[in-house]
Each structure stands twice: as C-alpha cells, then as structure tokens.
Amino acid sequence: MPRPSGLRAGLRVVGALAGLAFSAFLALALATLLALAIVRVGADWIDGVGIWAGDRVRLHPRQIAMRELAIDVIRQVLLALLVVGAVRWRDGPAWRETLALVPHASAAEGGAGLSLRRFGLILLLWPLVHITWVTGSADLLHVPIRRHTSLSPGLTAGAAAAWFAYVLVLAPVAEEMLLRGALFARARRFLPPAATIGATGFLFALAHLTPSGFGRPVALIPLALMLGWVRWRSGRLWPSILLHAWSNLAMIAYVLWPAGG
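Because the structure is a prediction, the values reported are computed rather than measured.

K.L.:
Which parts of the structure should I look at to understand the nonpolar core?
P.N.:
The tendency in soluble globular proteins is for nonpolar side chains to be buried as a group. In this structure, Val 83 and Leu 99 are the most contacted members of the largest nonpolar core, which totals 41 residues. Counting only elements with at least two residues in this core, the list comes to α1 (4–47), α2 (61–91), α4 (116–140), α5 (157–187), α6 (193–206), α8 (221–234) and α9 (238–256). Residues contacting Val 83, with those up to four places away along its chain left out, are Leu 99, Met 177, Leu 178 and Ala 182.

So this is what it looks like as structure tokens:
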C-alpha cells in the first residue's frame, strides 16, 4: 500500500489536474457564451431582427453562415483577452514569462533549446505527418474527410478573408496562449515535462470534441503532443503558434485543393 504521504501527494496532483481542466473549460465556455451574446444582440440589430423571441423571423442561410463565422472570430479574440487578463491579474509584471512570450528567467523552465534548423525541418515534414494521421484516423473511425470542397457560398469575399484569419491566426494564437501558455506554465509547477505535454495535449484534443464523436480529438493527438514538445523544447510560445497555424494551413490546402483535370 502507498504511504500516506505518497497518497496525499498523488491526491494533490489529481486535484491540480482537475483544476487545470476546469480552468480550460471555464475559459472556453466564458469566451463562447460572451461571443454568442455579442453576435445575437449585434447581428439582430444589424439585420433589423427583434431581439426577443416573439419578434423573431426566419434567418436566411447567408445570415446564419455570417453569424457562425462572427461567433468563431469573436470567441477567439475574447479567449486571448481572457487569458492575458487572468495571467496579468495573477502574475503581475511576470505575465509575459508565464505565457512564454519572452524567455523565462529560469533556464530550467525550458528544454535544451530548439534550433531554427531543427524547427525548420519539423515545419517541412509536419504537413505529411499531420495529413497522413488525420486521414488515416478518419478512415479508421469511419469519419470521411471531404476533398475538393469549397467555402460556404453564403460567405462574401470579406467573410472568407475573416475565416482564413480565424483559422490561420486567431485560433492558433488564442488556443496556444491558453494551452501552451497559461496552462502549460501551471502544469509545470507540479508535473515533469513529459506529463505536462501529455496533460495539455489531452486538454487540447478534448477541447475539439464535437457532437459527431471522438474523430476530431483523435485526429489531433499527434499535433497536440508536438505542440507541447515544441513549447517545452524552445521555451517560447511563438514556435507552437507557428506550427499550429502551419498545420491548419496544410489541412485547408488538402481539403480545398481543386480536383485535377
């Protein structure tokens, strides 16, 4: 049987992991609810639709598509602001170090370093690894990925540009600030590097759970682990943001690339 002191230490770790998960859920839920409220009120006002249920009319598909995009964009902006605000409130002037936006004062907080040459090699090979895993896991779980598709016809050129900005900039920045920034720093206070990478990677995958099942979280497991490894090895957040954006771009190109001939 484990010693009482060992049991207490284990319970503290479990409690800390539960707190980590709760913080991730709270930040994502709060950003989502605020985005929904802003879009509901703002879009209804712009479209001339009554806010109260008794005065509502049926929305056109284009209006629905625009609102869904607005929710996605605003949610990521709010998420980044919430993370920065919470870390600044908790850590004060050290908030940039917590989020790994600047080198940490303690060399022990990072790994052995990540050279530009090695990081460049990772970027070169990653699209092949990522797409192979995503398509392979989709086939295994019977979640087919449609190819040679196009964006929703309900999106204007400006809305399409906003969607690309959301996928390639806003989502990588906000999600990495939360997972590999704030939560990674918290996890490193009580977990070794490998466990920190695994814990934050698990939360990253779980955050992408959809009503259709576990297909998307499973597809993101290698990316989640690689993002954590890059964050730890480099000691900075920007490589994770760049790799995240590069992975999204690779999947966009794979799905939207027109059929030959």
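So much for the structure itself; the text now carries on.
K.L.:
Please explain the packing of aromatic side chains as it appears in this structure.
P.N.:
The description of an aromatic ring pair rests on the distance of the ring centres and on the angle between the ring planes. Here the structure, examined in full by the defined rule, presents 2 aromatic pairs. An angle of 90° between the planes, with centres 5.8 Å apart, marks the rings of Phe 119 and Trp 238 as edge-to-face. Taken as a pair, Phe 119 in helix α4 and Trp 238 in helix α9 lie far apart in primary sequence, 119 residues in all. Owing to a relative accessible area of 5%, Phe 119 belongs among the buried residues under this scheme. Among the residues examined, Trp 238 registers a relative accessible area of 42% and is labelled partly exposed. Each ring, one from Trp 163 and one from Phe 164, has its centre 5.1 Å from the other, and the planes form 80°; the classification is edge-to-face. Between Arg 147 and the ring centre of Tyr 254, over which it is positioned, the NZ or CZ distance is 4.0 Å. Sitting above the plane of the Phe 204 ring, Arg 180 keeps its charged end 4.7 Å from the centroid.

K.L.:
What exactly am I supposed to notice about the environment of Ile 38 here?
P.N.:
You can see Ile 38 is positioned in helix α1. The spatial distance from the C-alpha of Ile 38 to the C-alpha of Ile 74 is 8.4 Å, given a sequence separation of 36 residues. Contact partners of Ile 38, with chain neighbours within four places excluded, come to Ala 43, Ile 74 and Leu 78.

K.L.:
How should I be thinking about the pattern of salt bridges in this particular structure?
P.N.:
A side chain with one charge may pair with a side chain of the opposite charge, provided their charged atoms come close. A full pass over the atoms with the stated rule returns 3 salt bridges. The partner of Glu 176 in a salt bridge is Arg 180, and the shortest N-O contact between them spans 2.8 Å. Taken together, the positions of Glu 176 and Arg 180, both in helix α5 and 4 residues apart, correspond to about one turn of that helix. On the basis of relative accessibility, which here comes to 0%, the residue Glu 176 falls in the buried class. Here Arg 180 falls in the buried class, since its relative accessible area comes to 0%.

K.L.:
Explanation requested: the packing of α5 against α6 in the structure shown.
P.N.:
Packed helices, taken two at a time, are described by their axes: the angle between them and the distance between them. α6 packs onto α5 with a crossing angle of 145° between their chain directions and a minimal axis gap of 10 Å. Crossing of α5 over α6 shows right-handed handedness. Facing α5, whose interface residues are Glu 175, Glu 176, Leu 179, Arg 180, Leu 183, Phe 184 and Ala 187, α6 presents Thr 196, Ile 197, Thr 200, Gly 201, Leu 203 and Phe 204. In terms of residue class, the contact of α5 with α6 is built from 7 nonpolar, 3 polar and 3 charged.

Calculation criteria
- Residues numbered from 1 in each chain as written.
- Predicted model: local features only at pLDDT ≥ 70, side-chain atom pairs only at ≥ 80, totals over all residues.
- Heavy atoms only, no water.
- Core = buried A, V, L, I, M, F, W, Y, C linked by side-chain atoms within 4.5 Å.
- Buried < 20%, exposed > 50% of the residue type's maximum accessible area, 1.4 Å probe, protein only.
- Helix = DSSP H or I, 4+ residues; strand = E, 2+ residues; numbered from the N terminus.
- Contact = heavy atoms within 4.5 Å.
- Phe/Tyr/Trp six-rings, centres within 6.5 Å; stacked < 30°, edge-to-face > 60°.
- Lys NZ or Arg CZ within 6 Å of the ring centre and 35° of its normal.
- Salt bridge = Lys/Arg side-chain N within 4 Å of Asp/Glu carboxyl O.
- Axes fitted to C-alpha atoms, helices over the stretch in contact; angles between N-to-C directions.
- Left-handed = near helix turned anticlockwise from the far one by under 90°.
- Nonpolar A, V, L, I, M, F, W, Y, C, P; charged D, E, K, R; others polar.

Geometry only, nothing functional implied.
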